[in-house]
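Summary of structural features
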Amino acid sequence: LVGMLVDRLDPQRKGLKPWQLVLVNFLALAVVYTLGVAWLYVIKNFYAGSSLTFVKAIQFGMLPFLVNDSLYCVVAALIGPRLRKIRSTWPNELK
């Protein structure tokens, strides 16, 4: 998902600004959380037979992970372009 969004934003691969990458990472994280919380709600209410409100599904399925995942989004946006540059030059050094 993130790769597809980055390719759409930068098809020439000339480099995106860090704030653009952070935004893409957070959009992808929002999709993951939306699907994950909805899945938790469905599983608990329809398959497990227990009662779970949507607010409780958010409390159990998203809130405990939000701070760490947010930090991961920022770190990945800052490190990703540097790793991409290293990787693009690395195979040529082996020749």
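Check the entry above for the structure.
First things first, this report covers the structure right here in the doc. (Residues numbered from 1 in each chain as written. Predicted model: local features only at pLDDT ≥ 70, side-chain atom pairs only at ≥ 80, totals over all residues. Heavy atoms only, no water.)

1. Observations concerning the overall build of the chain
To keep it simple, the criterion reads: Helix and strand labels come from DSSP, where a helix needs a run of H or I of at least four residues and a strand needs a run of E of at least two; each type is numbered from the N terminus. Burial classification: accessible surface area is computed with a 1.4 Å probe over protein chains only, and a residue below 20% of its type maximum counts as buried, one above 50% as exposed, and the rest as partly exposed. Surface accessibility in these figures is a Shrake-Rupley result with a 1.4 Å probe; residues are shielded only by whichever protein chains are displayed.
Scanning the chain from terminus to terminus reveals four helices and zero strands. In sequence order, the chain lays out its α and β elements as α-α-α-α. Across the 95 residues that make up the chain, the buried fraction comes to 18%. Accessible surface for the chain amounts to roughly 7500 Å². Of this, 68% is attributable to carbon and sulfur atoms.

2. Looking at the packing of aromatic side chains
Each aromatic ring pair is specified by the distance between its two centres and by the angle formed by the two planes. The test is simple: For Phe, Tyr and Trp, where Trp contributes only its six-membered ring, two rings pair if their centres lie within 6.5 Å, and the inter-plane angle classes them as stacked under 30 degrees, edge-to-face over 60, or tilted in between.
Evaluation of the coordinates by the stated rule reveals one aromatic pair. Note on Tyr-41 and Phe-54: the rings are 5.7 Å apart at their centroids and 70 degrees apart in plane angle, and the pair reads as edge-to-face. One end of the pair, Tyr-41, is in helix H2 (residues 18-47); the other, Phe-54, is in helix H3 (residues 54-61), and 13 residues separate them in sequence.

3. A few points about the packing of H2 against H3
Heads up, the rule is: Lines are fitted to the C-alpha atoms to define the axes, a helix being fitted only along its stretch in contact, and any angle between axes, read from their N-to-C directions, falls within 0 to 180 degrees. Every angle not falling under 35 degrees, over 145, or within 65 to 115 is termed oblique; those three ranges are roughly parallel, roughly antiparallel and roughly perpendicular. Handedness of each helix crossing follows the sense of rotation of the near helix against the far helix: counterclockwise by less than a right angle gives left-handed, clockwise gives right-handed. Residues count as neighbours in contact if any of their non-hydrogen atoms are within 4.5 Å of one another.
Contact geometry for H2 and H3: axes closest at 9 Å, N-to-C directions at 120 degrees. Comparing the axis directions of H2 and H3 gives the class oblique. For the element pair H2 and H3, the recorded crossing hand is right-handed. Within the contact between the two elements, H2 uses Tyr-33, Val-37, Ala-38, Leu-40 and Tyr-41 and H3 uses Phe-54, Ala-57, Ile-58, Phe-60 and Gly-61.

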